[in-house]
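# Architecture at a glance
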Amino acid sequence: MSIALRLAALRPKLGQATLIAVSKTHPLESVREALNAGQRVFGENRVQEALKKFVPLRQDFDDIELHLIGPLQTNKAQTAVELFDVIQTLDRPALAEALAKASAKSGKRPRLYIEVNIGQEPQKAGVGPDETEAFLSLCRNTYALSVSGLMCIPPLGKEPRSYFEALKALANHLALSHISMGMSADFETAIACGATEVRLGTALFGHRSPRA
Ligand SMILES: *Cc1c(COP(=O)(O)O)cnc(C)c1O
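Everything in this summary refers to the structure shown in the same document. Computed from a prediction, not measured in an experiment: that's the story for all the values here.

A few words now on the packing of helix α2 (residues 28-36) against helix α3 (residues 47-60). At a minimum axis separation of 11 Å, α2 and α3 run at an interaxial angle of 35°. Handedness of the crossing formed by α2 with α3: right-handed. Across the interface between the two elements, L28, V31, R32 and L35 of α2 pack against K53, F54, L57 and D60 of α3. Per-class residue counts for the contact of α2 with α3 are five nonpolar, no polar and three charged.

A word on the pattern of salt bridges. One pass over the full model with this rule turns up ten salt bridges. E49 serves as the salt-bridge partner of K53, at 3.0 Å between the closest nitrogen and oxygen. Here K53 pairs with E49, and both are found in helix α3, just four residues apart, close to one helical turn. Here D85 ties to R58 by a salt bridge, and the two come within 2.8 Å at their closest N and O atoms. Placement of D85 in the loop between α4 (77-83) and β4 (86-90) and of R58 in helix α3 is noted, with a sequence separation of 27 residues between them. With a relative accessible area of 33%, D85 lands in the partly exposed category. In this structure R58 comes out as partly exposed when scored by relative accessible area, which is 26%. Bridged by salt links that share partners, the residues E44, E49 and K53 form one connected network.

Moving on to the site of the ligand. Surrounding the ligand, one finds V22, K24, I69, M151, I153, M183, S184, R199, L200, G201, T202 and R208. In the environment of the ligand, an oxygen atom lies 2.5 Å from a nitrogen or oxygen atom belonging to the side chain of S184. When atom positions are compared with the pocket grids, the ligand is found to occupy the largest pocket. Split into classes, the residues belonging to the shell around the ligand amount to six nonpolar, three polar and three charged.

Calculation criteria
- Each chain has its residues counted from 1, running along the sequence as written.
- Side-chain atom pairs in this predicted model are given and counted only at pLDDT of 80 or more, local residue features only at pLDDT of at least 70, and totals for whole chains, interfaces and linings cover all residues.
- Side-chain numbers here rest on the full set of heavy atoms in the structure, without hydrogens or water.
- For helices, the fitted line uses only the C-alpha atoms of the stretch in contact; every axis is such a line through C-alpha atoms, and the angle between N-to-C directions lies from 0 to 180 degrees.
- Secondary structure elements are taken from DSSP: a helix is a run of H or I of four residues or more, a strand is a run of E of two residues or more, and numbering for both begins at the N terminus.
- Whether a crossing is left-handed or right-handed is set by the direction in which the near helix is turned from the far one by less than a right angle, anticlockwise for left-handed and clockwise for right-handed.
- Contacts are residue-level and defined by heavy atoms, with any inter-residue pair within 4.5 Å sufficient.
- Three residue categories are used. Nonpolar comprises Ala, Val, Leu, Ile, Met, Phe, Trp, Tyr, Cys and Pro, charged comprises Asp, Glu, Lys and Arg, and polar comprises the others, including Gly.
- Put simply, a salt bridge is a Lys or Arg side-chain nitrogen that is within 4 Å of an Asp or Glu carboxyl oxygen.
- Per-residue accessibility, obtained with a 1.4 Å probe over protein chains only, is compared with the maximum for each type, and a residue is labelled buried under 20%, exposed over 50%, and partly exposed between these values.
- Any residue with a heavy atom lying within 4 Å of a molecule or strand is counted as near it.
- Nitrogen and oxygen atoms within 3.5 Å of one another constitute a polar contact, given that in protein one can donate a hydrogen and the other can accept it, and given that sequence-neighbouring residues count only through two side-chain atoms.
- In this analysis the probe radius is 1.4 Å and the grid spacing 1 Å, with only protein atoms considered; a cavity is a set of points the probe fits into but cannot get out of, a pocket is an open set with protein on both sides within 12 Å along at least five of seven lines, and lining residues have an atom within 4 Å of a point.
- A cavity or pocket is said to hold a molecule if more than half of that molecule's atoms lie within 2 Å of its grid points.

What follows is the structure in structure tokens.
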């Protein structure tokens, strides 16, 4: 099926939620196909790959909205602030500090979401649910960052609903309006639980080949 047809099939299932087309590992031509079908919001998980693809694409499409959905190293904060409209993976004080400095230097202030380790998995990135409120205060009060959302990736292989509900409740408690949750396998559940943005790769672009 073409990307245009997949998009058309997905749209009615989205309700009010924004579709973030996750184009990581997929070639420029696939992104172009999505753009030609009207898609404007994209997600990438690596800074270098996003630079390579989206700098040229922005010459042709000036209304692309680009989200960073993968881990960010502090030494790439400057590039990330200049490239992305939204950074969804703010997950530690050192990164908050680096983003604040990068914003001051470049004058760019991308929308920021805190990544929450909603399943409290030891190996996973993100701030623990119980620490999110304090981390939000630190971002705002110490670093003068404007954080407007939460993002999560629930534990693999578990029923995601209770995790989505927990992220939604946390976002409500903190009065954060952007809730990024749900991927190809579970986005309809995420939307039912209050996702305002879903991140879809496979459902739109097909399977990814493994990275070299
Ligand atoms: C790759 C990725 C997605 C998209 O995953 P699919 O299952 O292909 O839809 C969503 N969110 C994050 C953080 C990702 O890294």
